[in-house]
Amino acid sequence: MAAKRGTKTSMKNMEKELLCPVCQEMYKQPLVLPCTHNVCQACAREVLGQQGYVGHGGDPSSEPTSPASTPSTRSPRLSRRTLPKPDRLDRLLKSGFGTYPGRKRGALQPQVISFPCPACQGDVELGERGLAGLFRNLTLERVVERYRQSVSVGGAILCQLCKPPPLEATKGCTECRATFCNECFKLFHPWGTQKAQHEPTLPTLSFRPKGLMCPDHKEEVTHYCKTCQRLVCQLCRVRRTHSGHKITPVLSAYQALKDKLTKSLTYILGNQDTVQTQICELEETVRHTEVSGQQAKEEVSQLVRGLGAVLEEKRASLLQAIEECQQERLARLGAQLQEHRSLLDGSGLVGYAQEVLKETDQPCFVQAAKQLHNRIARATEALQMFRPAASSSFRHCQLDVGREMKLLTELNFLRVPEAPVIDTQRTFAYDQIFLCWRLPPHSPPAWHYTVEFRRTDAPAQPGPARWQRREEVRGTSALLENPDTGSVYVLRVRGCNKAGFGEYSEDVHLHTPPAPVLHFFLDGRWGTSRERLAISKDQRAVRSVPGLPLLLAAERLLTGCHLSVDVVLGDVAVTQGRSYWACAVDPASYLVKVGVGLESKLQESFQGAPDVISPRYDPDSGHDSGAEDATVEASPPFAFLTVGMGKVLLGPGASSHAGLTGRDGPAAGCTVPLPPRLGICLDYERGRVSFLDAVSFRGLLECPLDCSGPVCPAFCFIGGGAVQLQEPVGTKPERKVTIGGFAKLD
């Protein structure tokens, strides 16, 4: 009983899955659209009719033909029209006779019917056959019928042919598509007629065909086309439209889809606690959304009220300023008006002056008339040069609010910063990782950034990948200290402002050097022609300048003189462990050799040495015939990589000593393009030197080296050339210099 109650409850809970998106009622003869959504056949016809498609309502043979159908629901011409057989219709269509459903005679292009799916809100193309080319979803019909029976337990199915009141139905007929009582079944299936051969079934509210039929050929489907993702029959399978497609039997597709659905459903049922937890989280998020939305409304209202208060205060101050200016002008104009009124005959100053003129006592007249004359003179001057004491215009009090109006019009919510763009040209890894980025144009500003990074080649940890994070990074660059050597890091950045965090940038993968970085400077004390070597002030760059001595040497080549080699060494010697450094060679260099060598051998070979004896001599790692005197077992004291004219030469001798680290690396005895930076990795214990592309860390060459003593970085120049050591990213550490047998601290 409990199981039945649970089944009934689950059936009732899934009612919304059984509602047609058009009529919002239970599905009736649902059709499967190409977008995999379902819609009632009658609803689909109505929608197509509203879209202006006439005559594309589906297969006419699918209309109700039961004895219970009323004349108003049946076409009067339907009973008189004889439908062609599917095979005959197919032959006619192949031969070009007749017209397709929905195509006008003589039309060059078939009409493609578009159906607006109410579920996904997209336009679905049904092809030129319209609804007639769609499958009925018989499984959904069965589910709907089971649901109807579960929610209406005890409700009897009545006979559709009885006179009122109808009796309870006892039989159903799939061919007649109706339910009958015993008497009505006998009446409509008389003995000796074709209807008498109809097999009775249990009474039901929905009649379906026994199997799923192909809408094109009216045959039972037997295969599934994976390419078209459509069920097909035997005739469809041999059609040209499915040539080359991957077609499997329905049983295989059934088993595969059933296993997938069962597995997915099992996973969902096995994670009900997770689902419930996520539901609680979503409900909490809904509550927070409501509260946050209300708070945002209050904040906006408060800010707008604040703007209104500021505007009101500014309005009061501006009106007060205008009022004061107006009063001052009125006072000045009033005084001037009063003065002019006093000049009228019989009033004021004029009357007083007339009375003074009547005085005959000369001393008294002079005493009174002196002051009066000054007043009359000023009045006369004001009369002759009349001008109002103040302007009546208030143009100087006009406000220019264009900028403010534009700002208020553009007043909008602050957007989060867009995803930053990492500058791959300026981002690199050396002793530390330097990351540089920028915001896209028209992106809202960011107050600060968050940088996240992690190793991709680290041992797998249980759970999701964990990122290391640098919070509140100011500016558009960051320094990541102490990265692991020989690793691959993935980095990303996102910006933040008052609106919150923006999207992450695209992930950038960065290789770190294979060994700790060796910091050193260039020491120009060694070499045969130091006057031709120009070392920069910071001792991190050197340039060989081919001057007059080189020209004279080249002129004497035919007379037995030999070409000179200029050498510059690093001021640090390596005596243990693994070390890595990188440099950039000028592509216009004539011939530059980059590598390492024993300190004693380098000093012995190049300190005060004469010109090179032969052009065949080369302080290389056995890459040419200059090392023919050495035994096969002995490692050479030098290991150099030859660079010239924008190319890297891998000499013929490289095959015997150099193992290329890349699977598809270049063969020995050829040239490869010069990378932007060259990397040198020295393994002192193993006595091996690797030359790498310092940008991609792809191996170029690996050579043996005699590491019986201190080993120094070395650079050789023949002709013009330039080398620049890569600058360390972080602060240079304290270094112990061992060149020349002296030890000192930098």
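Please refer to the structure higher up on the page.
Just so it is clear, the structure is predicted and the values come from calculations on it, not from any experiment.

S.K.: What's the story with the overall build of the chain in this structure? I'm lost.
M.R.: Within the chain one finds 14 helices and 35 strands. When contacts within the chain are restricted to residue pairs at least 6 apart in sequence, those whose partners lie at least 24 apart make up 64%. Of the roughly 47,300 Å² that the chain leaves accessible, carbon and sulfur atoms contribute 55%.

S.K.: Mind showing me how you'd approach the packing of helix 9 (residues 349-357) against helix 10 (residues 362-384) here?
M.R.: Two quantities define a packed helix pair, namely the angle between the helix axes and the distance between the axes. At a minimum axis separation of 11 Å, helix 9 and helix 10 run at an interaxial angle of 150 degrees. Judged on the interaxial angle alone, helix 10 and helix 9 are roughly antiparallel. Crossing geometry of helix 9 relative to helix 10 is assigned as left-handed. For the pair helix 9 and helix 10, contact is made by Leu349, Tyr352, Ala353, Val356 and Leu357 and by Phe365, Leu372, Arg375, Ile376 and Ala379, respectively. In the contact of helix 9 with helix 10, the residues fall into nine nonpolar, no polar and one charged.

S.K.: Just checking my understanding: could you explain the sheet that holds strand 5 (residues 171-173) for this structure?
M.R.: The strands that make up a sheet pair up through hydrogen bonds in the backbone, lying either parallel or antiparallel. The antiparallel open sheet is built from three strands, whose spatial order is 6-5-7. Edge positions in the open sheet fall to strand 6 (178-180) and strand 7 (200-201), since each of these has one partner strand only. Relative to strand 7, strand 5 is paired through two bridges, and the arrangement is antiparallel. Note on strand 7: the bridge partner recorded for glycine 172 is threonine 201.

S.K.: Got a minute to help me understand the side chain of histidine 448 in this structure?
M.R.: Looking at where histidine 448 falls in the secondary structure, it is placed in strand 14 (residues 448-455). Here histidine 448 falls in the buried class, since its relative accessible area comes to 12%. When residues no more than four places from it in sequence are discounted, the contact partners of histidine 448 are Glu472, Val473, Arg474, Arg494, Gly495 and Cys496.

S.K.: Sorry if this is basic, but what is going on with the pairing of strand 29 (residues 678-683) here?
M.R.: Regular strands place their side chains on alternate faces of the sheet. Counting buried residues in strand 29 gives six out of six residues, a clear majority hidden from the surface. Every second residue of strand 29 is oriented toward a common face, with Leu678, Ile680 and Leu682 on one face and Gly679, Cys681 and Asp683 on the other, all of them buried. In this sheet, strand 29 lies alongside strand 24 (residues 578-585) in antiparallel orientation, the contact comprising six bridges. Considered in strand 29, the bridge of serine 579 is made with leucine 682. Once strand 29 ends, the chain turns through four residues before running back antiparallel as strand 30 (residues 688-693), passing glycine 687 with a positive phi of about 65 degrees.

S.K.: So what exactly am I meant to see when it comes to the environment of alanine 515 here?
M.R.: Tracing the backbone shows alanine 515 in the loop between strand 19 (508-511) and strand 20 (522-523). Note on alanine 515: relative accessible area 1%, which makes it buried. Each C-alpha atom of the pair alanine 515 and arginine 578 lies 5.8 Å from the other, and the pair is 63 residues apart in sequence. Those residues in contact with alanine 515 that sit more than four places away from it in its chain are Thr485, Arg578, Ser579, Tyr580 and Cys681.

S.K.: Hey, could you run me through the packing of aromatic side chains in this one?
M.R.: Geometry of an aromatic ring pair is reported as the spacing of the ring centres plus the angle between the planes. Following the criterion strictly, the structure yields nine aromatic pairs and no others. Here phenylalanine 428 and phenylalanine 434 contribute two aromatic rings whose centre-to-centre distance is 6.1 Å and whose plane-to-plane angle is 45 degrees, an arrangement assigned as tilted. With a centroid separation of 6.0 Å and 35 degrees between ring planes, the pair formed by tyrosine 580 and phenylalanine 697 is classed as tilted. Taken as a pair, tyrosine 580 in strand 24 and phenylalanine 697 in the loop between strand 30 and strand 31 (699-704) lie far apart in primary sequence, 117 residues in all. Just as tyrosine 580 is buried, phenylalanine 697 falls in that class too. Among the aromatic residues, ring-to-ring pairing joins Phe180, Phe185 and Phe188 into one connected group. A cation over an aromatic ring shows up here: arginine 494 above the ring of phenylalanine 501, its NZ or CZ 4.2 Å from the ring centre.

S.K.: Quick question: what am I supposed to make of the nonpolar core here?
M.R.: Counting residues in each nonpolar core, the largest one holds 48 residues, and the members touching the most others are Tyr580 and Phe715. Taken together, the elements giving at least two residues each to this core come down to strand 24, strand 25 (592-598), strand 26 (638-644), strand 29, strand 30, strand 31, strand 32 (711-717) and strand 33 (721-725). Ranked by residue count, the leading element in this core is strand 24, at five residues. If sequence neighbours within four positions are ignored, phenylalanine 715 has contacts with Phe520, Leu522, Asp566, Val567, Val568, Cys583, Lys593, Val594, Val723 and Leu725. In terms of nonpolar packing, the next biggest core, distinct from the first, is built from 25 residues, Cys20, Cys35, Val39 and Leu126 among them.

S.K.: Just to check I follow, could you spell out the sheet that holds strand 33 for this structure?
M.R.: Strand order in the open sheet made by the seven strands is 21-22-33-24-29-30-31, with antiparallel pairing throughout. Either end of the sheet is taken by a strand with one partner, and the two such strands are strand 21 (533-535) and strand 31. Taking the axes of each pair of neighbouring strands and ignoring which way they run, one obtains an average angle of 20 degrees across the sheet.

S.K.: I tried to follow the pattern of salt bridges on my own but got confused; where do I start?
M.R.: Should the charged atoms of two oppositely charged side chains come close, the side chains can pair. Enumeration over the complete set of coordinates arrives at 13 salt bridges. Close ionic contact of glutamate 404 with arginine 403 constitutes a salt bridge, the shortest N to O distance being 3.3 Å. Look at arginine 403 and you get exposed, because its relative accessible area is 58%. Between glutamate 452 and arginine 492 there is a salt bridge, and its shortest N-O distance comes to 2.7 Å. Note that glutamate 452 is positioned in strand 14 and arginine 492 in strand 17 (residues 488-497), a separation of 40 residues in sequence. Relative accessible area serves as the criterion here: at 0%, glutamate 452 is assigned to the buried category.

Scoring rules and cut-offs
Residues numbered from 1 in each chain as written. Predicted model: local features only at pLDDT ≥ 70, side-chain atom pairs only at ≥ 80, totals over all residues. Heavy atoms only, no water. Helix = DSSP H or I, 4+ residues; strand = E, 2+ residues; numbered from the N terminus. Contact = heavy atoms within 4.5 Å. Areas by Shrake-Rupley, 256 points an atom, 1.4 Å probe, with all protein chains shown as cover. Axes fitted to C-alpha atoms, helices over the stretch in contact; angles between N-to-C directions. Parallel < 35°, antiparallel > 145°, perpendicular 65-115°, else oblique. Left-handed = near helix turned anticlockwise from the far one by under 90°. Nonpolar A, V, L, I, M, F, W, Y, C, P; charged D, E, K, R; others polar. Pairing = 2+ DSSP bridges. Buried < 20%, exposed > 50% of the residue type's maximum accessible area, 1.4 Å probe, protein only. Phe/Tyr/Trp six-rings, centres within 6.5 Å; stacked < 30°, edge-to-face > 60°. Lys NZ or Arg CZ within 6 Å of the ring centre and 35° of its normal. Core = buried A, V, L, I, M, F, W, Y, C linked by side-chain atoms within 4.5 Å. Salt bridge = Lys/Arg side-chain N within 4 Å of Asp/Glu carboxyl O.

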